[in-house]
Amino acid sequence: MYFQRNIDKFLLEWAKSKDHKPLLLRGARQVGKSSAVDHLGKKFGNCVTINFERNPEYKIAFQQNLDVGRIVSQLSALSGMPISPKKTLLFLDEIQECPEAIMSLRFFWEDLPQLHVIAAGSLLEFALQSLPTFGVGRIHSMFMHPMTFDEFLIATGNKRLLEVRLQASSKAPLPDSIHNKLVELFRTYMMVGGMPEAVKKWVESKDYLQCQAIQDDILITYEDDFAKYKSKCDPQLLQLTFRSIALQIANKFSPTKVGSGYRIEKIKSAVQLLTQAGIVIPVTHSDSNGLPLGGEANPSYQKMLLLDSGLQLRLMNMSLGNATATAAEILTSSVEDLVNKGPLTEMLAGLEILRNKTPNMRHELFYWNRQQRNSLAEVDYVDARAAKVAPIEIKAGSQGGMKSLWIMMREKNIAKAYRCSLENFGEINYTDNQSEGALRHVDIYPLYAISQMP
């Protein structure tokens, strides 16, 4: 069972391009990289997959030298399948297990440019960091994340509902019946998350307990991977940091809460490794006076997100096995009643913002707060929209003031911002009498429609 992914169209565009470079598909373990490549492979005459973790004997083809003509000939002999330019997709999976194969990618571009080559690996970022160079300018990268809510809707048979939602806007809200249905599905997405195996289990069973078992397996796999980082960081510290991040979700990350006995520098190193592995996503403070937002970023002030809300809930040890409790707590109650409601909603909104960006580059998340002493003003996310600084305020439910948003808009002279909550599409117009009657406009997008923000 393959679920349609947003990255599919980008992969297909790459495959059709006359000037396609070897492609590195990057992202955390089990976000669906291999499945997406296998799906693309059906567009070719044949797809030859070399998995260096499952079949280490293929490494020998790369260890003599990096003559790609010889390499392709030996891979064809070892696999028993023809590898022909324009006809074959060559997929080098778990490539981090063979650094020589990574080094060879640039030579595929230089010496055999008509052959389509894709490489992927779950711990690829660590391998890339240890190499002096791997072909800058000769290799193209795409970045993959867990499934978005829109992908979840399609996977669960709600494509028509998505099509109707895409026609709505701040000036044309949805009918209440459709809005309420989307809110219900968004709550389910909050629990199931976007890891493809968990979504597949939900589609098959509609059983949260079975999804929970999949999520537990993924978390165990991630923590088992920590042993592979031991040359860089203590695996126990990585586990403590990983779990501490889950408990500090969407708050300014405090290394002192990870555990006693570890130096701050070591904890920061652990956070960096988890970020490189793609399982932790930093949200960095930016003064947000203009673009690029990273130009005024302050890494000393960061919030941390886990890559998936379903895994976040499992680490918070939220029980999804009791059907009565699940119905009472998630499906029929307001989202405001969820355990750790505000931070979880803020986290999922940030993930949606990130996942709906183009996969052709690495993106960052930013937030803003007032740095003056005794100031409580904070805006959850700041993004670049229409070549301008765009504040984005997140609300767990359909209520809540926007004092911080108004303060930021006034101080930075911003005319347009966004509010995301579980209310319907809408807009707010405000005349700021504290700023010579300046007009402020806020578009309201439901949390289930973050992908529609312009």
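Quick caveat: nothing in here was measured; it's all calculated off a predicted structure.

Draft legend 1. Up close: the overall build of the protein. Looking only at helices and strands, the protein has 17 helices and 13 strands in total. Radius of gyration (C-alpha) of the protein: 23 Å, near the 22 Å computed for a compact globule of 454 residues. The 454 residues of the protein split such that 54% are buried. A sequence separation of at least 24 residues applies to 72% of the contacts in the protein between residues at least 6 apart. Accessible surface computed for the protein: about 19,900 Å², of which carbon and sulfur atoms make up 49%. On the protein, the mean spot of the 52 positive side-chain charges and the mean spot of the 48 negative ones are 3 Å from each other.

Draft legend 2. Inspection of the environment of Tyr367 at higher detail. With respect to the secondary-structure elements, Tyr367 resides in strand β8 (residues 365–369). On a C-alpha basis, the gap between Tyr367 and Asp38 in space is 37 Å, while along the polypeptide they are 329 residues apart. With sequence-adjacent residues up to four places away left out, Tyr367 is seen in contact with Val283, Thr284, His285, Ser286, Tyr301, Gln302, Lys303, Glu378, Val379, Asp380, Tyr381 and Val382.

Draft legend 3. Fine view of the side chain of Arg165. Within the secondary structure, Arg165 is located in helix α8 (residues 159–165). Beyond its immediate chain neighbours, meaning those up to four positions away, Arg165 contacts Phe149, Asp150, Leu153, Leu174, Leu182, Phe425, Tyr448, Ala449, Ser451 and Gln452.

Draft legend 4. Structural view of unusual backbone geometry. The residue after Leu291, namely Pro292, is reached through a cis peptide bond having omega 0°. Mapped onto the elements of the fold, Pro292 is located in the loop between β6 (280–286) and β7 (297–306). Of note, the phi angle at Lys86 is positive, near 75°, even though the residue is not glycine. When its relative accessible area of 59% is taken as the criterion, Lys86 is described as exposed. Of note in this structure, Ala386 is not a glycine but carries a positive phi near 55°. You can see Ala386 is positioned in the loop between β9 (378–385) and β10 (388–394). For Ala386, a relative accessible area of 72% gives the class exposed.

Draft legend 5. Broad picture of the pairing of strand β4 (residues 116–120). The buried fraction of β4 amounts to five of the five residues, a majority that puts the element mostly inside the structure. Of the two faces of β4, the one carrying His116, Ile118 and Ala120 and the one carrying Val117 and Ala119 are both buried. Looking at chain direction, strand β1 (residues 23–26) and β4 are connected through three bridges and run parallel. Looking at β4, one finds that Leu25 is bridged to Ala120. Bridge count between strand β3 (residues 88–93) and β4: four bridges; the pairing is parallel. Across the sheet, Phe91 pairs through a bridge with Ile118, a residue of β4. Where the polypeptide runs from β3 across helix α5 (residues 99–111) and back to β4, its parallel neighbour, the crossover connection is right-handed.

Draft legend 6. Broad picture of the confidence of the model for the protein. Per-residue confidence for the protein gives a mean pLDDT of 91; residues scoring 70 or more make up 93%. In the model, residues 319–324 has pLDDT below 50 throughout and makes seven contacts with residues more than four positions away in sequence or in other chains.

Draft legend 7. Summary view of the packing of aromatic side chains. Across all of its chains, the model carries 13 aromatic pairs by this definition. Both rings, one in Trp406 and one in Tyr430, keep their centres 4.5 Å apart while their planes meet at 35°; by these two values the pair is tilted. Of this pair, Trp406 sits in helix α17 (residues 403–411) while Tyr430 sits in strand β12 (residues 426–432), and the two are 24 residues apart along the sequence. Looking at Trp406, the relative accessible area reads 16%, which means it is buried. For Tyr430, a relative accessible area of 29% puts it in the partly exposed group. Relative to Tyr445, the ring of Phe425 has its centre 5.9 Å away and its plane inclined at 70°; by these criteria the two rings are edge-to-face.

Draft legend 8. View of the sheet that holds β1. Reading across from one edge, β2-β3-β4-β1-β5 is the order of the five strands in this open sheet, with parallel pairing throughout. Only two strands of the sheet have a single partner each, and these edge strands are β2 (46–51) and β5 (140–143). Mean inter-strand twist for the sheet, computed between neighbouring axes without regard to direction, equals 20°. Its contacts with the sheet place helix α1 (residues 7–16) against β1, β3, β4 and β5, and it is angled at close to 165° to β5. Relative to the sheet, helix α2 (residues 33–41) contacts β1, β2, β3 and β4, its axis offset from that of β3 by approximately 170°.

Draft legend 9. Focus on the side chain of Glu393. As for its position among the elements, Glu393 is in strand β10. By relative accessible area, Glu393 is classed as buried at 5%. The contacts of Glu393, once residues within four sequence positions are left out, are Glu378, Val379, Asp380, Leu405, Tyr418, Arg419 and Cys420.

Conventions used here
- Residues numbered from 1 in each chain as written.
- Predicted model: local features only at pLDDT ≥ 70, side-chain atom pairs only at ≥ 80, totals over all residues.
- Heavy atoms only, no water.
- Helix = DSSP H or I, 4+ residues; strand = E, 2+ residues; numbered from the N terminus.
- Rg over C-alpha atoms; globule rule 2.2 N^0.38 Å.
- Buried < 20%, exposed > 50% of the residue type's maximum accessible area, 1.4 Å probe, protein only.
- Contact = heavy atoms within 4.5 Å.
- Areas by Shrake-Rupley, 256 points an atom, 1.4 Å probe, with all protein chains shown as cover.
- Lys, Arg positive; Asp, Glu negative; His and termini not counted.
- Charge placed at Lys NZ, Arg CZ, Asp CG, Glu CD.
- Pairing = 2+ DSSP bridges.
- Right-handed = clockwise from strand over helix to strand, strands pointing away.
- pLDDT = per-residue confidence, 0-100.
- Phe/Tyr/Trp six-rings, centres within 6.5 Å; stacked < 30°, edge-to-face > 60°.
- Axes fitted to C-alpha atoms, helices over the stretch in contact; angles between N-to-C directions.

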